[in-house]
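# Structural features, examined
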Amino acid sequence: MDYTAWKLFIDAAELGSLSKAATAYGTSQPHISRQISELERECGARLFQRTGRGVVLTELGQRVAPKVRAWLAGTEQLANDVRTSAGTPIGTVRIGSLPSTAHPLVTTLYYRLKKRYPLVQLAVREGQGAQLETWLEDGSVDLAILYRSSPSPKNGDTYLVETPTYLVGAEGDERTSGPTVPFAALDNLPLVLFCRPSSWRNRLEQLATEHGIALNVALEADSLSLQTHVVADGNIYALLGPYAVAAAARDCRLQSARIVNPSVSRHIALAMSRHGELTLACRTVMQVTREIVSSGAAGLPVA
């Protein structure tokens, strides 16, 4: 079987158009059409039905497509295994990331891998804490960059950097006009917080109980963008890390004060899924991520 020909078959089927396939392959539509026609001659039957809007799989094409996909995946994995055995990191690493750390940390990671380990590819998904935990638990991602409130890492986590927490208000807000604000100032203050389940919410409520104050959760929202835009309109506050504040300040008129007495710190952690194999590509991504943070190239603020 010709790997290249069958890869083209699958790509054309997914794109639904030979002209789109030609664009993707950087060639002409007649050239792609000739390759498909040659493959169909070898099969002795049509794989595609040409329509005015592109191409669709024939009955034969529909029957063989799943088997071809499996064969292609097996062939690619075999090539990856051979290269990995030779000490070359190769393959796709699936990463879950908080929106506030996706750039520049993951952006920097992508460019550094592209330069040093071009056979390693990233598949990045953004989510909040509980969603990232679910992806780790069910094996949807191999690694996740997320917040931890525990003072020491657990379950194989690697703590990358410690960050403080800020009370974020609208521009001109009196409570957030200074560099710091006491934790007690949160008493009955209308807050927008991330939805449950949330270990961060649990940590805040524990601290509130210890210091005899009540948290007034006026709005729950998992969208960082929604939180900051609501805060910018005034009369409600958010509790965010410094990088989230810096990123949001580019789009919204905000100001923030670091929470003290006590300070509320969190750790940006690199967590591993407990499912699947920790491949050489995964280990390489972890190593490069740690290098980026330790060198300061990620621009992550610290406590």
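The present account deals with the structure reproduced in this document. (Residues numbered from 1 in each chain as written. Predicted model: local features only at pLDDT ≥ 70, side-chain atom pairs only at ≥ 80, totals over all residues. Heavy atoms only, no water.)

## So, the overall build of the chain
This is how it is decided: Going along the chain from the N terminus, every DSSP run of H or I of four or more residues is numbered as a helix, and every run of E of two or more is numbered as a strand. Within these notes, the globule rule equals 2.2 Å times the number of residues to the 0.38 power, and the radius of gyration is based on C-alpha atoms. Per-residue accessibility, obtained with a 1.4 Å probe over protein chains only, is compared with the maximum for each type, and a residue is labelled buried under 20%, exposed over 50%, and partly exposed between these values. Contacts between residues were defined by any pair of non-hydrogen atoms, one from each residue, lying within 4.5 Å. Only the protein chains shown count as cover for residues, and the accessible areas themselves come from Shrake-Rupley with a 1.4 Å probe.
Within the chain, the secondary structure is distributed over ten helices and 13 strands. Computed over C-alpha atoms, the radius of gyration of the chain comes to 25 Å, more than 25% over the 19 Å expected from 2.2 N^0.38 for 303 residues, which places it beyond the range of a compact globule. Taken along its principal axes, the extent of the C-alpha atoms in the chain is 80 × 45 × 30 Å. Here the chain, with 303 residues, has 43% of them falling under the buried criterion. Across the chain, every contact between residues at least 6 apart in sequence was considered, and the portion connecting residues at least 24 apart equals 76%. Of the roughly 15600 Å² of accessible surface on the chain, 50% is carried by carbon and sulfur atoms.

## Overview of the pairing of strand β9 (residues 190–193)
For a regular strand, side-chain orientation follows a simple rule: the groups alternate between the two sheet faces. Put simply, the rule reads: Any two strands between which DSSP finds at least two bridges are classified as paired. Orienting the strands away from the viewer, one traces the path from the first strand over the helix to the second; a clockwise path indicates a right-handed crossover.
In this structure, β9 lies alongside strand β10 (residues 216–220), joined through four bridges in parallel fashion. What sits directly across from Leu191, in β10, is Val217. Handedness of the crossover joining β9 and β10 through helix α7 (residues 199–210): right-handed. Two strands pair when backbone bridges link them, and β9 and strand β11 (residues 237–240) are joined in this way by two bridges, in the parallel orientation.

## Here's the deal with the pattern of salt bridges
Our working definition: One side-chain nitrogen of Lys or Arg within 4 Å of one carboxyl oxygen of Asp or Glu is enough to make a salt bridge.
All chains considered together, the criterion is met by 14 salt bridges. A salt bridge links Lys7 to Asp11; its shortest N-O distance comes to 2.9 Å. With Lys7 and Asp11 both in helix α1 (residues 3–15) and four residues apart, the pair spans about one turn of that helix. On the basis of relative accessible area, Lys7 is assigned to the partly exposed category, the value being 25%. Through salt bridges that share partners, Glu40, Arg46 and Arg50 make up one connected network.

## Points about the packing of aromatic side chains
Formally: Side-chain rings of Phe, Tyr and Trp, where Trp is taken by its six-membered ring, are said to pair if the distance between their centres is within 6.5 Å; with planes under 30 degrees apart they count as stacked, over 60 as edge-to-face, and otherwise as tilted. A positively charged side chain is recorded as over a ring if its NZ (Lys) or CZ (Arg) lies within 6 Å of the ring centre. The angle to the ring normal must also be within 35 degrees.
Under the counting rule described, the total for this entry stands at four aromatic pairs. Consider the rings of Trp6 and Phe9, whose centres lie 5.4 Å apart with planes at 85°: the pair is edge-to-face. Placement of both Trp6 and Phe9 in helix α1 is noted, with a separation of three residues, approximately one turn of the helix. Site record: aromatic cluster; members linked through ring pairs are Trp6, Phe9 and Phe48. The aromatic ring of Trp135 is capped on one face by Arg125, whose charged end is 4.0 Å from the ring centroid. Its end group placed over the ring of Tyr147, Arg266 keeps NZ or CZ at 4.0 Å from the ring centre.

## Comments concerning the environment of Val260
With respect to the helices and strands, the residue Val260 is situated in strand β12 (residues 254–260). Judged by relative accessible area, Val260 falls into the buried class, the value being 16%. Placed 94 residues apart in sequence, Val260 and Tyr166 show a C-alpha to C-alpha distance of 9.1 Å. Apart from residues lying up to four places away in sequence, Val260 is in contact with Thr180, Val181, Pro182 and Phe183.

## Comments concerning the packing of α1 against helix α3 (residues 29–43)
Our working rule: A fitted line through C-alpha atoms serves as each axis, taken over the contacting stretch for helices, and the angle formed by two N-to-C directions is quoted from 0 to 180°. When describing relative orientation, an angle under 35 degrees is termed roughly parallel and one over 145 degrees roughly antiparallel, while 65 to 115 degrees is termed roughly perpendicular and anything else oblique. As a working rule, the residues Ala, Val, Leu, Ile, Met, Phe, Trp, Tyr, Cys and Pro are called nonpolar, Asp, Glu, Lys and Arg charged, and the rest polar, with Gly in that last group.
Running from N to C, α1 and α3 point in directions that differ by 110°, and their axes come no closer than 10 Å. In terms of orientation, α1 lies roughly perpendicular with respect to α3. Along the contact surface, α1 presents Ala5, Trp6, Leu8 and Phe9, while α3 presents Ile32, Gln35, Ile36, Leu39 and Cys43. When the residues that make up the contact of α1 with α3 are grouped by side-chain class, the tally is eight nonpolar, one polar and no charged.

## As for the sheet that holds β9
Ordered by their spatial adjacency, six strands build an open sheet running β8-β12-β7-β11-β9-β10, and the pairing between neighbours is mixed. Edge positions in the sheet fall to β8 (180–182) and β10, since each of these pairs with one other strand and no more. Each neighbouring strand pair of the sheet contributes to a mean axis angle of 40°, computed without reference to strand direction. With five bridges connecting them, strand β7 (residues 166–170) and β12 associate as antiparallel partners. Bridge pairing in β12 links Leu167 to Ala257. Together, β7, β9, β10, β11 and β12 form the strand contacts of helix α8 (residues 224–232), whose direction differs from that of β11 by roughly 135°.

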